[in-house]
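So you can see what is in the structure, the chains are spelled out below.
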Amino acid sequence: MPPTQQTPTTVPNLDFILQSEQPKPKRFGRGDKTQRILLVTIVGIVLVILVFVFLSFVRSGSRRGSAELIDLAAYQTELARVMDIGVKDSSDSSVQGVAQTGSLTITSDLIRTKKMIASKSAKIGKNDLGKYVTKSIDADLEAAKTANEFDAVFTALIDEKLGDYKTRLASVFAAQSDAKIQNTLRNFKSNAELLPFSYSP
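Okay, so let's go over this structure. These figures come from a predicted structure and were not determined experimentally.

Comments concerning the packing of helix H3 (residues 66-89) against helix H4 (residues 93-119)
Between H3 and H4, the least distance of the axes is 8 Å, while the angle of their chain directions is 160 degrees. Relative to H4, H3 is oriented roughly antiparallel. The crossing of H3 and H4 is left-handed. Contact with H3, carried on its side by Leu69, Ile70, Leu72, Ala73, Gln76, Thr77, Leu79, Ala80, Met83, Asp84, Gly86 and Val87, involves Gln96, Ala99, Gln100, Gly102, Ser103, Ile106, Thr107, Asp109, Leu110, Thr113, Met116 and Ile117 of H4 and no other residues of that element. A class-by-class count of the residues in the contact of H3 with H4 yields 13 nonpolar, nine polar and two charged.

In structure tokens form, the structure reads like this:
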């Protein structure tokens, strides 16, 4: 009987069990110092940009409407100046009284306007308050005084200026988002409503 040939049995290769584990790939930012520094730098730059954008937004929001308030302060300055001319040059005691009241009221409101401007971190420029100073008004009132018509000319002028002032108040009010400033402007309008001029010689 011929000897039986044994078929060679294949032994599975189990070497992978004995081999040490393959090193895992490193995650970004771990282990490598350069990557960590780069990550921290990028995050820092992004945070600085976000803070800068936020502060710019806050500042622009708080300054919104400051130009209109500065313009209002300039008009109040001229209105109070003209009222003072009436106090000084009027020959009618009732006109003088109303002009005095008007001057005090507008001057008081001007002080409050300046405070509102400061609250918006805005500054009044050197020549801003002289924007509406009109020297021709002085000449016209002087001529009216010489012609003995001062009170009539003065009251007509102030009526016109007060009408313009109320219109300006409405425009400045519309440009504001701060409720406290809006309430102050409403108060200014109420004050102006109490100053109607009428003259009957």
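After that view of the structure, there is still more to cover.
Observations concerning the environment of Val98
On the secondary structure map, Val98 appears in helix H4. You can call Val98 partly exposed: its relative accessible area is 29%. In sequence terms Val98 and Met83 are 15 residues apart; their C-alpha atoms lie 8.8 Å from each other.

Things to note about the side chain of Asp109
Tracing the chain through its elements places Asp109 in helix H4. A relative accessible area of 1% places Asp109 in the buried class. Once residues lying within four places of it in the same chain are set aside, the contact partners of Asp109 are Gln76, Tyr165, Phe188 and Asn191.

What to know about the side chain of Ser103
As for its placement among the helices and strands, Ser103 is situated in helix H4. When its relative accessible area of 5% is taken as the criterion, Ser103 is described as buried. With residues up to four places along the chain from it excluded, the contact list for Ser103 reads Ala80, Met83 and Asp84.

Quick look at helix H6 (residues 150-174)
Spanning 25 residues, H6 covers 36 Å between terminal C-alpha atoms, matching the ideal 36 Å at 1.5 Å per step. Residues of H6 that are buried include every one of Phe150, Asp151, Phe154, Thr155, Leu157, Ile158, Lys161, Leu162, Tyr165, Leu169 and Val172, and no others. Against the buried residues of H6 lie H3, H4, helix H5 (135-146) and helix H7 (179-193).

Brief notes about H7
The end-to-end C-alpha distance of H7, which contains 15 residues, comes to 21 Å, matching closely the 21 Å that a straight helix rising 1.5 Å per residue would cover. Taken as a whole, H7 has its buried residues at Ile181, Gln182, Thr184, Leu185, Phe188, Asn191 and Ala192. Each element contacted by the buried residues of H7 is listed here: H3, H4 and H6. The backbone nitrogen of Lys180 has a side-chain oxygen 2.7 Å away, supplied by the residue at the start of H7, namely Asp178.

Re the packing of aromatic side chains
Taken as a whole, this structure holds three aromatic pairs when the rule is applied. Ring centres 6.4 Å apart and planes at 10 degrees place the aromatic pair Tyr75 and Tyr165 in the stacked group. Of this pair, Tyr75 sits in helix H3 while Tyr165 sits in helix H6, and the two are 90 residues apart along the sequence. For the pair Tyr75 and Tyr165, a shared accessibility class is recorded, and that class is buried. Ring geometry for Phe150 versus Phe154: centroids 5.5 Å apart, planes at 10 degrees, classification stacked. Of the two residues, Phe150 and Phe154 both sit in helix H6, four residues apart, roughly one turn of that helix. We note that Phe150, like Phe154, is buried. Through a chain of ring-to-ring contacts, the aromatic side chains of Tyr75, Tyr132 and Tyr165 assemble into a single cluster.

About the criteria used
Residues numbered from 1 in each chain as written. Predicted model: local features only at pLDDT ≥ 70, side-chain atom pairs only at ≥ 80, totals over all residues. Heavy atoms only, no water. Axes fitted to C-alpha atoms, helices over the stretch in contact; angles between N-to-C directions. Helix = DSSP H or I, 4+ residues; strand = E, 2+ residues; numbered from the N terminus. Parallel < 35°, antiparallel > 145°, perpendicular 65-115°, else oblique. Left-handed = near helix turned anticlockwise from the far one by under 90°. Contact = heavy atoms within 4.5 Å. Nonpolar A, V, L, I, M, F, W, Y, C, P; charged D, E, K, R; others polar. Buried < 20%, exposed > 50% of the residue type's maximum accessible area, 1.4 Å probe, protein only. Expected span 1.5 Å × (residues − 1). Polar contact = N/O pair within 3.5 Å; in protein donor to acceptor, adjacent residues only side chain to side chain. Phe/Tyr/Trp six-rings, centres within 6.5 Å; stacked < 30°, edge-to-face > 60°.

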